[in-house]
Amino acid sequence: MDARDGSLHHQHLPPTISKLTLFLLLLLLLPLISTLSPAPSSGWPSDPTYGFEELPLNLSNLHIQKPYDLPVSDRYSFVDGVHKLWVYSTDHPLSKGSPTRPRSEIFLNKYIYYSGVWQFEAHGYVPCGTSGVCITQVFGAQFPRNTTLMLRVYNGSLYYYHDTVLVPNIYDRWFRVNIIHDVAASNLKVYIDGEFKFETIGYGGTFHYFKCGVYAQGNASYYMESRWKGIRVLKKVD
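Notes on the structure follow. (Residues numbered from 1 in each chain as written. Predicted model: local features only at pLDDT ≥ 70, side-chain atom pairs only at ≥ 80, totals over all residues. Heavy atoms only, no water.)

### A look at the overall build of the chain
Helix and strand counts for the chain come out as one helix and 15 strands. Put simply, 66% of the contacts in the chain that link residues at least 6 apart link residues at least 24 apart. As displayed, the chain has an accessible area near 13000 Å², and 58% of this comes from carbon and sulfur atoms. (Helix = DSSP H or I, 4+ residues; strand = E, 2+ residues; numbered from the N terminus. Contact = heavy atoms within 4.5 Å. Areas by Shrake-Rupley, 256 points an atom, 1.4 Å probe, with all protein chains shown as cover.)

Below, the structure is given as structure tokens:
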């Protein structure tokens, strides 16, 4: 057989090197080849924001919910790109007569959504000692519930509500949060630092929106604080 028929003879290989030998050599070299490949960029599907479009957002779109008898500046600050929110367990609720617990939260009021696939992204920070608190939520659910998802901190661990530990050590460090909500599929996914952590069903409701900050829950610490930067809202590209 000559070179025109595609055989190995035209490569002048020694007769002792068979196709099987070449195949085995290739298998041995594959791990080395893979280490030379470039790392995936942020546009690859491993990035939770892949396929999503960032929506415009500025400070005027961030409504601060705080104890009704205090000015915003007593429970919120924005310095050098960092939103700091804090509250005490003895504070009043959001409105006079409300049965809810104390809070200082950012309500992303520009993007109240009814359908589609939406995503919240931000970098959060919870100082040591803050406990019994919701730091992020997807508001909206079928009665008698109010929320479809909460991320809470209890004794240094990040929880889905109070049932499932997502990250065991969350205190005193910045971490990236991505929450994806597919309304039609009633599905939510949570990523921490780009790593998939949790998937769950939704709880219905006609509308939804994202919030972050501190909202006291059961067994709350006296002082609660969280900090946020790089807050983004994204929507799945159709």
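That was the structure; now back to the text.
### Points about the nonpolar core
The biggest cluster of nonpolar side chains holds 45 residues, and the ones touching the most others in it are Ile-106, Phe-120, Ile-135 and Leu-151. Per-element accounting of this core gives the leading share, five residues, to strand 14 (residues 209-216). Ignoring anything within four residues of it in the chain, the contact list for Leu-151 reads Val-133, Cys-134, Ile-135, Thr-136, Leu-158, Tyr-159, Tyr-160, Leu-166, Val-177, Ile-179 and Val-190. In this structure, Val-117, Ile-180, Tyr-191 and Leu-234 belong to the second largest nonpolar core, which totals five residues. (Core = buried A, V, L, I, M, F, W, Y, C linked by side-chain atoms within 4.5 Å. Buried < 20%, exposed > 50% of the residue type's maximum accessible area, 1.4 Å probe, protein only.)

### Section: the pairing of strand 9 (residues 157-160)
Because side chains alternate across strand 9, one face comprises the buried residues Ser-157 and Tyr-159, and the other comprises Leu-158 and Tyr-160, equally buried. Linkage of strand 8 (residues 147-154) to strand 9, two consecutive antiparallel strands, is achieved through a turn of two residues, within which Asn-155 is found at a positive phi near 50°. For strand 9 and strand 10 (residues 164-167), the ladder comprises three bridges, and the chain directions are antiparallel. Bridge pairing in strand 10 places Leu-158 opposite Val-167. Counting the residues that bridge the hairpin from strand 9 to strand 10 gives three residues, and of these Tyr-161 lies at a positive phi of roughly 50°. (Pairing = 2+ DSSP bridges.)

### Description of the sheet that holds strand 14
Spatially, the seven strands line up as an open sheet ordered 2-5-14-7-8-9-10, and their pairing is antiparallel. Of all the strands in the sheet, the pair left with one neighbour each is strand 2 (62-65) and strand 10. Taking each pair of neighbouring strands and ignoring which way they run, the sheet shows an average axis angle of 20°. With four bridges connecting them, strand 8 and strand 9 associate as antiparallel partners. Paired with Val-153 across the strands is Leu-158, a residue of strand 9. (Axes fitted to C-alpha atoms, helices over the stretch in contact; angles between N-to-C directions.)

### Remarks on the state of the cysteines
Any covalent bond linking the sulfur atoms of two cysteines counts as a disulfide. Counting across every chain of the model gives zero disulfides. The structure places no disulfide on Cys-134, whose sulfur is separated from the nearest cysteine sulfur, that of Cys-212, by 9.8 Å. Residue classification places Cys-134 among the buried positions, given a relative accessible area of 0%. (Disulfide = S-S within 2.5 Å.)

### Details of the packing of aromatic side chains
Overall, the coordinates contain 16 aromatic pairs when judged by the stated rule. Ring centres of Phe-175 and Trp-228 lie 6.5 Å apart, and the angle between their planes is 75°; on these two criteria the pair is classed as edge-to-face. Residue Phe-175 is found in strand 11 (residues 174-182), and its partner Trp-228 is found in strand 15 (residues 223-236); the two are separated by 53 residues along the sequence. The pair formed by Phe-175 and Trp-228 is uniform in burial state, with each residue classed as buried. Residues Tyr-191 and Phe-196 carry aromatic rings whose centres are separated by 5.6 Å and whose planes lie at 70° to one another, so their mutual orientation is edge-to-face. Look at Tyr-191 and you get buried, because its relative accessible area is 14%. Across from the ring centre of Tyr-203, 3.7 Å away, lies the NZ or CZ of Arg-145, which sits over that ring. (Phe/Tyr/Trp six-rings, centres within 6.5 Å; stacked < 30°, edge-to-face > 60°. Lys NZ or Arg CZ within 6 Å of the ring centre and 35° of its normal.)

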